Every structure is written in C-alpha cells, then in structure tokens.
Amino acid sequence: MEGSDVGDHAGLTEHSHRSSVSSTGAKSSLDVVVYLINDSAVPLMVENLASITAQELHRIVRDTLQLPEVSQDVFALWLISPLLELQLKPKHQPYKLCRQWQDLLLRFTDSSEDDICQDEPSLQFRRNVFFPKRRELQIENEDVLRLLYEEAKFNVLEGRYPCDVEDCEKLGALVCRLELGPFDQDQHTPSAFKGKLHSFLPGHLCKKRPGGLLMAFRSRGSKQDSFEQTLLDTYKQVTDGGACEEVEVLKKHYREYLQRCHELPYYGCAFFSGTIDKPAQGFLHRGGRKAVSVGISMDGVYVIDSKEKYLLLGLRFHELSWDHTYPDEEEHILWLEFDGDNEGTPVNKLLKIYSKQAELMSGLIEYCIDLNAITEAAAQETTNTTTFPRDCPPASQLAGRRGKLRRQSSVICNRIQHLATIDYVDDDINTEEPITEDPELPVVQDGL
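Residues numbered from 1 in each chain as written. Predicted model: local features only at pLDDT ≥ 70, side-chain atom pairs only at ≥ 80, totals over all residues. Heavy atoms only, no water.

Asker: How should the packing of helix 7 (residues 165-180) against helix 12 (residues 246-262) be read in this particular structure?
Answerer: Helix-helix packing is described using two parameters, namely the angle between the two axes and the distance between the axes. As a packed pair, helix 7 and helix 12 sit with axes 10 Å apart at the nearest point and diverge in direction by 160°. The orientation of helix 7 relative to helix 12 falls into the category roughly antiparallel. The two elements helix 7 and helix 12 cross, and the hand of that crossing is left-handed. Contacts between helix 7 and helix 12 involve Lys170, Leu171, Leu174, Val175, Arg177 and Leu178 from the first element and Glu246, Val249, Leu250, His253, Tyr254, Glu256, Tyr257, Arg260 and Cys261 from the second. When its residues are assigned to classes, the contact of helix 7 with helix 12 shows nine nonpolar, one polar and five charged. (Axes fitted to C-alpha atoms, helices over the stretch in contact; angles between N-to-C directions. Helix = DSSP H or I, 4+ residues; strand = E, 2+ residues; numbered from the N terminus. Parallel < 35°, antiparallel > 145°, perpendicular 65-115°, else oblique. Left-handed = near helix turned anticlockwise from the far one by under 90°. Contact = heavy atoms within 4.5 Å. Nonpolar A, V, L, I, M, F, W, Y, C, P; charged D, E, K, R; others polar.)

Spelled out as structure tokens, the structure:
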C-alpha cells in the first residue's frame with residue numbers, strides 16, 4: 001500500500017461500530033456515510049462505489065456540505081478505527097481499502113486476532129496533515145473554521161494535544177463561549193458545570209481532584225477554587241471585541257482557539273503508536289518500556305508520553321537524523337538521532353521507538369522533508385522577484401524568532417532525562433539527512 005498515514009487510536013473507541021462503506025453486493029449505486037469529527041453523519045448515494053477514488057468522494061462531500069474551494073486543500077478523507085488511522089491519497093479507492101482492512105491491521109498493528117476480526121473502519125472528513133497551519137487563520141468561511149475548531153477541540157479533550165493547565169482553562173473558556181453563548185452569571189454557575197467538565201477540559205485532568213496536578217501549578221491561598229469555579233472565572237474574561245453580528249463573533253473565537261492550538265508544537269500532526277525503553281532505575285537497573293504517541297507534521301517529530309500526557313522529545317527536521325530497521329525476527333524500530341550532552345560532553349543521542357508503524361513514520365518524515373524543500377524553493381523564487389519594504393524582515397528571520405517563553409515544567413518542554421538513549425561521539429555526522437540512504441523504503445514515498 002502506498003502513502004498511508006497511521007495514527008494513535010486513543011479516544012476513538014466510540015467509533016468502533018460505525019460502518020461507512022458497504023461490503024456486499026455489486027449495485028451501481030450504494031449508500032456511503034462519511035463522518036465529521038463531532039460524530040455528525042453525511043449520508044451519500046455514490047455511483048460505482050467499488051471504483052470511486054478518494055478525490056472523487058472528497059468532491060461529493062464538499063458539494064454536499066457546500067464548502068468553498070479552499071476546503072479541497074484543508075481537509076482529507078481518512079479511514080479510522082480504534083486500531084488504525086489512514087489518511088487517504090487522492091488516488092486511493094476507499095472501498096478497496098475497506099476490503100483490505102484486516103491485512104492492514106496485521107501489517108501495521110500488534111492487535112489480537114479477535115480484535116482484528118471485530119474491527120471495522122469508518123470514513124471521516126478530517127484536517128489534511130499537509131495543510132500549512134499559517135493558512136488556517138486566513139480562512140474566512142465559518143463552516144471551514146468550525147470544522148477545524150471541532151477537530152482541534154477533540155484532540156485537546158482526548159489528550160492527543162497535551163496542554164498546560166492554564167492553556168486548558170483558556171481553551172475551555174472559549175469552548176464555553178462558542179457552545180453556551182455569552183457568560184450569564186445567573187445561568188452559568190459552578191453547579192451547572194458539575195459532571196460536565198469533560199466537555200470543556202481534557203478528561204485526564206478532570207479526573208484529578210483539587211490538590212493534584214490540576215492545582216499544582218497554582219497558589220491561590222489556602223483554599224483552592226474548584227475546577228468549575230476556575231473555568232467560570234476564565235469564561236467571564238472572554239470578550240467578543242468589536243464584532244457585532246454573532247457570525248463574526250463565532251469566527252473570531254474559532255480563530256482564537258486555533259491560534260492558541262498553533263502554539264502547541266504537535267498541532268496538525270499525524271499520530272502513530274509505539275513504545276520506548278524506560279531509563280534503568282534502582283539497584284537492579286530495571287527498565288521496561290512505556291507507551292508513546294509519535295506525532296509527525298510538516299514541522300518535525302514529537303514523542304509524547306501516552307500516560308502522563310506530556311512531551312518527551314520534540315525535534316525539527318533539521319535537528320534530527322532517522323532510520324527504520326527491521327532485523328530478522330525482531331521488532332520494527334524507528335531510530336531518531338539528535339545532538340545532546342552527557343555530563344557536559346557533547347554527544348550524539350539515539351532514541352529507539354519500537355513500532356510496527358515505524359516504516360510508515362520513516363516514509364512520512366522523508367516526504368515532509370522533501371515537500372518542505374519544494375515549498376521553500378518556490379517561496380525563495382517568489383522572494384527574488386518581489387520587492388519588500390525596507391523595514392520588512394526576511395521570512396527566514398521571522399521563522400527563527402522565539403515563540404512564547406515556557407517554564408521548564410511545561411508539558412511542551414523536552415524531557416530528555418526521561419529517555420533511555422544510546423550516546424556516542426561522531427564529529428562527522430550529518431544531521432539533515434537519513435542515517436542511511438536506503439532506496440527501498442516502500443511506504444509514503446510520494447505522500448499520503
């Protein structure tokens with residue numbers, strides 16, 4: 001199979017019994033259901049289902065939802081189940097991939113035979129991994145902004161986008177304004193939010209009571225505010241600005257939500273599942289493994305602790321080398337190499353990620369680097385033929401500016417001390433190319 005994107009499946013159990021594509025009969029037209037991220041169903045009647053491509057089906061979905069032309073670039077069709085996520089290429093045939101689903105699960109997951117037999121994918125209309133996030137805030141169409149907001153909210157609430165507590169509260173307050181309307185002190189009280197926090201804050205935070213992690217970042221006197229009261233206080237601070245019409249207010253807050261999510265380095269990533277070695281601990285130097293989610297986007301590679309919901313390692317492409325190996329009768333491994341230090345000595349560090357999806361991750365990294373090179377070359381050509389004001393800094397300077405300063409305890413800071421890496425010294429290492437030049441990488445060579 002060419003150009004597939006496999007992702008983490010946390011939080012997708014509720015979709016396990018959905019069926020999008022009929023697997024029986026050879027009728028000339030059949031019902032197909034495409035799902036949006038909020039579980040809304042888009043029923044379609046499709047001619048020649050067995051041969052229709054993802055590109056053709058994508059157009060039908062856009063026409064049905066009456067979306068503007070920009071949505072062709074913003075969104076893609078995905079096949080998603082609790083065990084596997086695939087972003088489809090335009091030439092893929094969804095019906096054929098559904099019929100091959102069990103083979104794909106055997107190839108790219110460690111699922112049991114029973115789970116594989118019971119698993120069934122659904123077609124979903126989701127954000128395209130390759131759509132630049134800088135273009136999102138230029139979108140004017142409310143429906144497109146709403147779909148992007150819904151997907152970002154889903155990823156935040158499910159813990160796929162780990163956030164600091166303060167950011168969770170600000171994002172939750174925007175969700176309150178968008179879905180409950182302007183703050184009303186008579187209607188919006190702490191008791192009204194009892195049992196509903198999971199709709200506004202990530203579930204793993206809602207399970208922690210005052211005195212735990214959620215309150216650890218705050219010092220507000222001897223009496224800690226409840227989760228509900230803290231969310232309400234932030235909700236009160238959401239203002240509509242100068243926008244008068246509700247449509248413009250909603251667009252403003254959709255953009256604000258997306259803009260806050262853009263500060264998360266793993267926004268817009270495709271997610272893969274895997275495990276890494278734990279650092280040896282104790283007298284017996286026992287280690288073991290921990291589950292991780294590996295996010296890959298046009299910006300870089302991000303390794304997230306699946307249980308603790310924080311970033312372990314984030315690397316831009318120019319900061320890493322990589323390789324995929326599969327020794328005989330051993331596990332698939334994605335190797336990430338990056339600069340570090342060991343007791344003050346500069347070293348090269350190697351991180352091993354064990355995953356049957358390593359092949360896909362390696363291919364996606366290579367494709368993203370190639371696509372970035374093409375994009376940068378086109379941008380440079382445009383720059384050379386365009387005159388900018390004298391006080392306008394080059395794009396390279398803008399891209400290199402520091403972002404928001406984060407405390408070391410932030411969930412988006414690297415935690416290299418939590419990694420078991422192989423350290424060595426090699427002065428001749430090239431950190432901008434793959435570790436090897438294997439021409440036989442079979443997956444994601446030409447994109448998703």
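Asker: Just checking my understanding: could you explain unusual backbone geometry for this structure?
Answerer: A negative phi holds for most residues other than glycine; trans holds for most peptide bonds. Notably, Asp39 is not glycine yet its phi reads approximately 75°, a positive angle. Within the fold, Asp39 resides in the loop between strand 1 (29-35) and strand 2 (41-47). Taking relative accessible area as the criterion, Asp39 reaches 41% and is therefore assigned partly exposed. Even without a glycine there, the phi angle at Asn48 is positive, about 50°. (Buried < 20%, exposed > 50% of the residue type's maximum accessible area, 1.4 Å probe, protein only.)

Asker: Would you take a moment to explain the packing of aromatic side chains for this structure?
Answerer: Throughout the structure, instances matching the rule amount to ten aromatic pairs. Seen from their ring centres, Phe130 and Tyr367 are 5.0 Å apart, and the 70° between their planes marks the pair as edge-to-face. On the criterion of sequence distance, the pair formed by Phe130 in the loop between strand 5 (122-127) and helix 6 (142-157) and Tyr367 in helix 13 (residues 358-384) is long-range, its members being 237 residues apart. For the pair Phe130 and Tyr367, a shared accessibility class is recorded, and that class is buried. (Phe/Tyr/Trp six-rings, centres within 6.5 Å; stacked < 30°, edge-to-face > 60°.)

Asker: What's the story with the state of the cysteines in this structure? I'm lost.
Answerer: In a disulfide, the sulfur atoms of two cysteines are covalently bonded to one another. On inspection of all chains with the given rule, the structure shows zero disulfides. Cys269 takes part in no disulfide bond, and the closest cysteine sulfur to it belongs to Cys368, at a distance of 8.9 Å. The class for Cys269 is buried, based on a relative accessible area of 9%. We classify Cys368 as buried; its relative accessible area is 0%. (Disulfide = S-S within 2.5 Å.)

Asker: Explain the packing of helix 6 against helix 12 to me, please; I cannot follow it from the model alone.
Answerer: At their nearest, the axes of helix 6 and helix 12 sit 9 Å apart, and the two run at 40° to each other. One way to sum up the angle between helix 6 and helix 12 is to call them oblique. As helix 6 runs across helix 12, the sense of the crossing is left-handed. Together, Glu142, Leu145, Arg146, Leu148, Tyr149, Ala152, Lys153 and Val156 of helix 6 and Val247, Leu250, Lys251, Tyr254, Arg255, Tyr257, Leu258 and Cys261 of helix 12 make up the contact between the two elements. Split into classes, the residues belonging to the contact of helix 6 with helix 12 amount to eleven nonpolar, no polar and five charged.

Asker: Explanation requested: helix 7 in the structure shown.
Answerer: For helix 7, with 16 residues, the first-to-last C-alpha span of 21 Å sits near the 22 Å given by 1.5 Å per residue. When you tally the buried positions in helix 7, you get twelve out of 16 residues, the bulk of the element. Within helix 7, burial applies to Val165, Asp167, Cys168, Glu169, Leu171, Gly172, Ala173, Leu174, Val175, Cys176, Arg177 and Leu178. Where helix 7 ends, the next residue or the one after it, Gly181, has phi of about 90°, a positive value. (Expected span 1.5 Å × (residues − 1).)

Asker: What is the right way to look at the side chain of Asp164 in this model?
Answerer: For Asp164, the location among the structural elements is in the loop between helix 6 and helix 7. Of the residues examined, Asp164 reaches a relative accessible area of 4% and is grouped as buried. In this structure the side chain of Asp164 is engaged in a polar contact, spanning 2.8 Å, whose partner is the backbone nitrogen of Val411. (Polar contact = N/O pair within 3.5 Å; in protein donor to acceptor, adjacent residues only side chain to side chain.)

Asker: How do you make sense of the nonpolar core when you look at a structure like this?
Answerer: What tends to happen in soluble globular proteins is that the nonpolar side chains get buried as a cluster. In terms of nonpolar packing, the biggest core is built from 108 residues, with Val34, Phe125, Tyr257, Tyr266 and Leu351 touching the most fellow members. With sequence-adjacent residues up to four places away left out, Val34 is seen in contact with Ser40, Ala41, Val42, Leu44, Val61, Leu77, Leu123, Gln124 and Phe125. (Core = buried A, V, L, I, M, F, W, Y, C linked by side-chain atoms within 4.5 Å.)

Asker: What should I look at first to understand the pattern of salt bridges in this one?
Answerer: Where charged atoms from two side chains of opposite charge approach closely, those side chains can pair. Inspection of every chain in the model, using the stated rule, returns 21 salt bridges. Residue Arg135 pairs with Asp73 through a salt bridge whose shortest N-O separation is 3.9 Å. With Arg135 in the loop between strand 5 and helix 6 and Asp73 in helix 2 (residues 71-74), this residue pair connects regions lying 62 residues apart in the sequence. Classification of Arg135 as partly exposed rests on a relative accessible area of 30%. Notably, a salt bridge pairs Asp299 with Arg316, separated by 3.7 Å at the nearest N-O pair. Here Asp299 is found in the loop between strand 7 (289-296) and strand 8 (300-305), whereas its partner Arg316 is found in strand 9 (residues 310-316), with 17 residues between them in sequence. Judged by its relative accessible area of 24%, Asp299 is partly exposed. (Salt bridge = Lys/Arg side-chain N within 4 Å of Asp/Glu carboxyl O.)

Asker: Where do I start with helix 1 (residues 54-65) in this structure?
Answerer: A rise of 1.5 Å per residue sets the reference length of helix 1, with its twelve residues, at 16 Å; its end C-alpha atoms lie 16 Å apart and thus fit the reference within 8%. Listed as buried for helix 1 are Ala54, Leu57, His58, Val61 and Arg62. Projected onto a plane normal to the axis of helix 1, the buried residues spread over an arc of 140° and lie on a single side. Positioned one or two residues after helix 1, Gln66 has a phi angle of 60°, which is positive. (Arc of directions from axis to C-beta.)

Asker: How should I be thinking about the confidence of the model for the protein in this particular structure?
Answerer: The predicted structure's coordinates, where accompanied by low pLDDT, should not be read in detail. The predicted model of the protein has a mean per-residue pLDDT of 82, with 77% of residues at 70 or higher. Ranking the helices and strands of the protein by mean pLDDT puts helix 6 first, with 98, and helix 14 (residues 395-400) last, with 39. This stretch, residues 388-407, has a pLDDT under 50; its non-local contacts, to residues over four places away or in other chains, come to 14 contacts. (pLDDT = per-residue confidence, 0-100.)

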